[in-house]
Amino acid sequence: MSRYFFFDNFDIPAQYERTVPQVFPTTAPGNFTWLPDVEQHVMTSFYPYQWDLNYRNPRVFNEMMYNFLFLVNKGMDIIRIDAVPYIWKELNTQCRNLPQVHTIVRLMRIISEIVCPGVLLLGEVVMEPEKVIPYFGTVEKPECHMLYNVTTMATTWHTVATRDVSLLKKQLDIVNNLPKDYVFLNYLRCHDDIGWGAGLFNFSTKRAYGAFSQTLSK
């Protein structure tokens, strides 16, 4: 079994495309990339050079944990799990937030607690605060120690751009109402997380981005 999702023709990729949303429909449309050198399609949810790992192959998990432990032995205190909701792929689904994802993260947590209990798992889950909660796991079955506070980052920049704090206040009220034992990592900017959340909140992305650009130019 391959470490990636390779297909000789577009029949199965076409089935995925019916239900799987596009992450970057403008800059990287579609969820597959044609590789002329091998004459195959490969699943690339983000960019053509980022091939999705096939966790159905147990070698993938084993090799990822080898890398995990290698970094820990080099002195890393925090390990970031990239794009957590996308880890598992299943036909006829959105390939997001599937139950198998939580099984994999839970296994990572178990291994870290046994081998390196001082290391923290930081999950990248780009969703609203109330929807990332499952990635903390439960008291009995914990998963990530920390999660990025993506929406606070986005709404902070929206506030700078529009000079309107209402959206930021609404989002912070949601965060503050969550249990206090949930740990979020707050940050102001990341290479791929800037966004306005137009689908979550009713405001004009174009107008906000224009205001943001004007603010930066002053």
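As a reminder, the structure under discussion sits directly above these lines.
Residues numbered from 1 in each chain as written. Predicted model: local features only at pLDDT ≥ 70, side-chain atom pairs only at ≥ 80, totals over all residues. Heavy atoms only, no water.

Trainee: Which parts of the structure should I look at to understand the side chain of Thr-152?
Mentor: Tracing the backbone through its elements, the reader meets Thr-152 in helix α5 (residues 150–162). A polar contact of 2.9 Å, which involves the side chain of Thr-152, links it to the side chain of Gln-171. Ignoring sequence-local partners within four residues, the contact set of Thr-152 consists of Leu-168, Gln-171, Leu-172, Val-175 and Asn-186. (Helix = DSSP H or I, 4+ residues; strand = E, 2+ residues; numbered from the N terminus. Polar contact = N/O pair within 3.5 Å; in protein donor to acceptor, adjacent residues only side chain to side chain. Contact = heavy atoms within 4.5 Å.)

Trainee: Help me out: how do you make sense of the packing of α5 against helix α6 (residues 166–176) in this one?
Mentor: The description of two packed helices rests on the angle between their axes and on the distance between the axes. Packing of α5 against α6 brings their axes to within 8 Å, and their N-to-C directions diverge by 160°. On the basis of the axis angle, α5 is roughly antiparallel to α6. At the point where α5 passes α6, the crossing takes the left-handed sense. Two secondary-structure elements touch here, α5 through Thr-151, Thr-152, Thr-155, Thr-156, His-158 and Thr-159 and α6 through Leu-167, Leu-168, Gln-171, Leu-172 and Val-175. Of the residues assigned to the contact of α5 with α6, the class counts are four nonpolar, seven polar and no charged. (Axes fitted to C-alpha atoms, helices over the stretch in contact; angles between N-to-C directions. Parallel < 35°, antiparallel > 145°, perpendicular 65-115°, else oblique. Left-handed = near helix turned anticlockwise from the far one by under 90°. Nonpolar A, V, L, I, M, F, W, Y, C, P; charged D, E, K, R; others polar.)

Trainee: So what exactly am I meant to see when it comes to the packing of helix α2 (residues 58–73) against helix α3 (residues 99–115) here?
Mentor: Look at α2 against α3: their axes get within 12 Å of each other, and the N-to-C directions meet at 40°. The angle between α2 and α3 places the two elements in the oblique class. In this structure, α2 meets α3 at a crossing whose hand is right-handed. Packed against α2, whose contacting residues are Phe-61, Met-65, Phe-68 and Leu-69, the element α3 presents Ile-104, Leu-107, Met-108, Ile-111, Ser-112 and Val-115 at the interface. Of the residues that constitute the contact of α2 with α3, the class distribution is nine nonpolar, one polar and no charged.

Trainee: Teacher, can you tell me more about the packing of aromatic side chains here?
Mentor: Think of a pair of aromatic rings as described by two things: how far the centres are apart, and how the planes are tilted against each other in angle. Applying the stated criterion across every chain yields a total of 14 aromatic pairs. An angle of 70° between the planes, with centres 5.3 Å apart, marks the rings of Tyr-148 and Tyr-187 as edge-to-face. Of this pair, Tyr-148 sits in strand β6 (residues 146–148) while Tyr-187 sits in the loop between β7 (183–185) and α7 (205–217), and the two are 39 residues apart along the sequence. Its relative accessible area of 15% is what places Tyr-187 among the buried residues. Grouped by ring-pair contacts, the aromatic residues Phe-24, Phe-46, Tyr-47, Tyr-49 and Tyr-86 constitute a single cluster. (Phe/Tyr/Trp six-rings, centres within 6.5 Å; stacked < 30°, edge-to-face > 60°. Buried < 20%, exposed > 50% of the residue type's maximum accessible area, 1.4 Å probe, protein only.)

Trainee: Looking at this structure, how should I read the sheet that holds strand β2 (residues 32–35)?
Mentor: Each strand in a sheet pairs with its neighbour through backbone hydrogen bonds, running either in the same direction (parallel) or in the opposite one (antiparallel). Spatial strand order, β1-β3-β2: three strands in an open sheet with antiparallel pairing. Across the chains shown, the open sheet's two edge strands, defined by having one partner strand only, are β1 (6–7) and β2. Two strands pair when backbone bridges link them, and β2 and strand β3 (residues 40–43) are joined in this way by four bridges, in the antiparallel orientation. By the bridge assignment for β3, Thr-33 is matched with Val-42. (Pairing = 2+ DSSP bridges.)

Trainee: It is not clear to me how α5 should be interpreted in this structure. Could you clarify?
Mentor: For an α-helix, the turn length of 3.6 residues means that residues three or four places apart are oriented alike. Here α5 spans 19 Å end to end across 13 residues, near enough to the 18 Å set by a 1.5 Å rise per residue. Counted residue by residue, α5 has ten buried out of 13 residues, so it is predominantly covered. Buried within α5 are the following residues: Val-150, Thr-151, Thr-152, Met-153, Ala-154, Thr-155, Trp-157, His-158, Thr-159 and Ala-161. Arg-163 occupies a position one or two residues after α5 and carries a positive phi of about 60°. (Expected span 1.5 Å × (residues − 1).)

Trainee: Hey, could you run me through the sheet that holds β7 in this one?
Mentor: One open sheet accounts for four strands, arranged β4-β5-β6-β7; its pairing is parallel. Whereas interior strands pair on both sides, the edge strands pair on one side only; in this sheet they are β4 (78–81) and β7. Each strand of the sheet is rotated relative to its neighbour by a mean of 30°, with strand direction disregarded.

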